[in-house]
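The lines below spell out each chain.
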Amino acid sequence: LDRSIRSMAKAAILLLNFLACAAVSSASVGGHVDYNGFRYLLANVDIDSASTDYGDDCPSLPCTPYSIPSTCNASYPTTDISDVALSLGWGASYIAAPDGNLYGTYASSPIFNPLLDLSVSGSVALIEAGWQARIILRCTILCPAGTGLRGNTCVSCGIGNWSTGGSGACQPCTNGPGTVNYTSVGSGNNCTWTCNAADYVTDGYNPSLLIGDLAPPYSIRAVDPNRVVSTVYTPRITDATYNYKFMVLSSDKQTVYLGSYTVNKLNITNKTFTTIAGLTSYPYRGASDGLGTMASFNAITGAALWQNESYLLAVDMSNCNVRLVNLSSNASFPVSTLAGSKTQLCGLIDGVGTAARFRYPLDIALDPSQATAYISDAGNNVIRTINLTSLAVATVAGNGGASNFDGIGTAASITPMYLAVAPDGHALYVKTTSGIRRVDLATFAVTTAASTLGQSPYQLAAGAGLTTLYYTSNYRVSAFFLPSGQTFHIAGGAAAGSRDGVGADALFQAPGLIVVVGETRAPGALCAVCTVCPAGQFGTCNASASECFPCPAGFTSRPGASACFPCAAGSYSVGGLCVQCPPGSSSENGSTACTNCTAGTFKPRGSPACLNCSAGTFSAGAGATACGQCTNLTGNGTWSGPGTNSSNCAYACRAGFNLVVGTGLCSACGAGTYAAPGSAVCSPCTNLPDNANHTGVGANATSCPFACQPGFISNGTACLPCPAGSRMRAGVCVNCTAGSYGLASASVCLACSQGNYSLPGASACTVCSNAGPYNIFVGRGTPPRGPVVCQAGS
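Residues numbered from 1 in each chain as written. Predicted model: local features only at pLDDT ≥ 70, side-chain atom pairs only at ≥ 80, totals over all residues. Heavy atoms only, no water.

Please give an account of the pairing of strand β32 (residues 382-387) that cites residues and values.
Burial of β32 is extensive: five of the six residues sit out of reach of the surface. Two strands pair when backbone bridges link them, and strand β31 (residues 372-377) and β32 are joined in this way by six bridges, in the antiparallel orientation. When the sheet's bridge partners are listed, Y374 is paired in β32 with T385. Hairpin connection from β31 to β32: four residues lie between these consecutive antiparallel strands, with N381 at a positive phi of about 55 degrees. (Buried < 20%, exposed > 50% of the residue type's maximum accessible area, 1.4 Å probe, protein only. Helix = DSSP H or I, 4+ residues; strand = E, 2+ residues; numbered from the N terminus. Pairing = 2+ DSSP bridges.)

Just give me the short version of unusual backbone geometry, but keep the residues and values in it.
With an omega of 10 degrees, the peptide bond between P216 and P217 qualifies as cis. Mapping P217 onto the fold places it in the loop between β17 (199-213) and β18 (220-223). Cis geometry marks the peptide bond from Y282 to P283, where omega comes out at 10 degrees. Phi at K253 is positive, roughly 65 degrees, even though this residue is not glycine. Of note, K253 is situated in the loop between β20 (246-249) and β21 (255-259). One non-glycine residue, N636, lies in the positive phi region at around 60 degrees. Among the secondary structure elements, N636 is positioned in the loop between β56 (628-629) and β57 (637-639).

Explain the sheet that holds strand β39 (residues 460-462) residue by residue, including any values.
Pairing is antiparallel across the open sheet formed by four strands, whose spatial order is β39-β40-β41-β42. The sheet terminates laterally at β39 and β42 (486-491), the two strands that pair on one side only. Neighbour-to-neighbour, the strand axes of this sheet turn through a mean angle of 25 degrees, independent of strand direction. The sheet contact formed by strand β41 (residues 476-481) and β42 spans five bridges and is antiparallel. In the strand pairing of β42, S478 is matched with H489. (Axes fitted to C-alpha atoms, helices over the stretch in contact; angles between N-to-C directions.)

Residues and numbers for the state of the cysteines, please.
Working definition of a disulfide: a covalent bond connecting the sulfur atoms of two cysteines. The full count for this structure, using the stated rule, is 18 disulfides. Across the disulfide from C143 sits C154; the S-S distance is 2.0 Å. What sets the handedness of the C143 and C154 disulfide is the S-S torsion sign, and at about -85 degrees it is left-handed. Residue C143 is located in the loop between β10 (133-139) and β11 (147-150), and its partner C154 is located in strand β12 (residues 153-156); the two are separated by eleven residues in the primary sequence. Residue C752 pairs covalently with C765 via a disulfide, S to S 1.7 Å. Because the sign of the S-S torsion sets the handedness, a value of about -90 degrees for the bond joining C752 and C765 places this disulfide among the left-handed ones. Here C752, found in the loop between β70 (750-751) and β71 (756-757), pairs with C765, found in the loop between β71 and β72 (766-767); they are 13 residues apart in sequence, far enough to count as distant. (Disulfide = S-S within 2.5 Å.)

This is the structure in structure tokens:
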């Protein structure tokens, strides 16, 4: 009965599934469907959705196990399994899911549990054959190289991105040198690239480096030319020291000298580690010379091999000196003090050998001839040299200031830490806390090569190709390309760690020590930014080269210029830079030298050109910076020019005076004559009007003063007569008073006769009109009456 019921149920469910499948279009592609980012398929690949027999993964017992592909998973959530089955068009009554349950096609919870046995051997087998069932696997969608999965579809990663295919995600390409234009999609980190328009293509160098990690586990790591980072050596508990402060590589590329308060020898091939000098037990540190491990150091922070690697020169920072370890003296390794105090006395004293004083020196570097050692005297903020023949110590750069200003020798300021000498011996590169300074070893001119490189107080190494410096900072190992000032990261990520890998996938804890094992030239592998030429040079840049050229004599330029311009007047060019002429000298535009100002001229500080001395002053010789006061001025004279001594300044007579030849004296001109300033003769004036007389001397022919004759008045240029009815008084014409009259040009007014009268300003008198038969006029009157008297008898 049980089997009969189950057979009837099975037939009914088959019918339902047939109807359901007829209504759902098949989404199956080759027996699978991509859904929610996964590929679902049947374990039994012989049954697909096109089969008229909907199939059964286990039609009879015993079931045949089905292998699970490596890209598929038999353990996944079954939330969407019904939707997947319908999308596939798989019309089984029940779906055998990897969770060990049997699900109905439209059910979200299992009907029987368990009906499946999921073996751990990678295969699935049914143990219940009474139900039509299928096993559905969830598999990873594998994309081709250069594509990535987006939803259920593989799409291109896009130009400048790459993937290796499979289930890997797209990643940005980083194989180009710096910032470049990527032109393809990569199947690995191998996208093609071109340089930016403002860059040029040049050869690069792929270095082999050794890096000392200064934090646990204090490993020594190797970086090969392909930027693969591997661990070379990790200190063991039996090693004398592990917190290294210096590392030097022998020319055999196998032997490394390293340590801090001991000097140790490590063979990086067979991993043998030997302590050759310094105390290996308490008190560990000290300042004693002696044989090998009987000697003591305090803190060695820099070292260099000398005389065909027969000696190790070690900077013992805390002892303020430079020590010498003899590497060739069999196994005794004697240690002595080469320069600086033997008794931990610090200071700034140039001298010979142990008479010199340093203040917490940090690093040492030798020139290629190994005749001179350069010392980073960090506590004094100076660069020192040691003549390795005479042991004379000298200060060659830095003024002791805790700043970084360019200049020549001790006129510059510098905060030195670690050093690297260019392989050609022309330059010393100095690592500061945040940048790199360059010291020209011919002139000791200090310039700034890089002002910011990230915070790192650790070592610097120069590449053999003269174009690259290698340094560490911020968990990274980087290269600094000298011609353009670019920085390229070689290895290490943005966070601390200790992991081998390639490029940025590798991690460092605190990379601090760095030595160059070798370099491999990489033709055309570098996109370099066009060089910013310094002041005094001009640059050219094209697709294949960037060069700087010195400005011609008398010319200069600003940083980054493509052309030069002449030095301005008052300056001259020195090494492509314009320098102000010193006081007392000047120059024309584009000059290469200054010339002294001539006698009679001078040039004060700040003036661009020589100036003439003012009238009444002098400069006696060439190159004067100021003028003196002349003393040869005569009476009634004025200064008219400068002189070349105090008694030959030019002067002229004042207006109205003439210079008497042969005497140098000024003589006054007579009335009616004139003399211009500096004139030797008095000349007649030409401005005298009629009816006038000259009264003085003029400054020119028309400026002589004059006075009008009596009865005439001046209008400024002529003498005019007084009109009738007026007379001249005090130089002006005034009206005649009543009872008088005046004629033209009169100097006096005349009284009217008896019996006549006049008004003020009259030019004639008028007969009085008040006469009678018995009176007579006896005097002048005013109109209409005049004074009268009676006649006799009346």
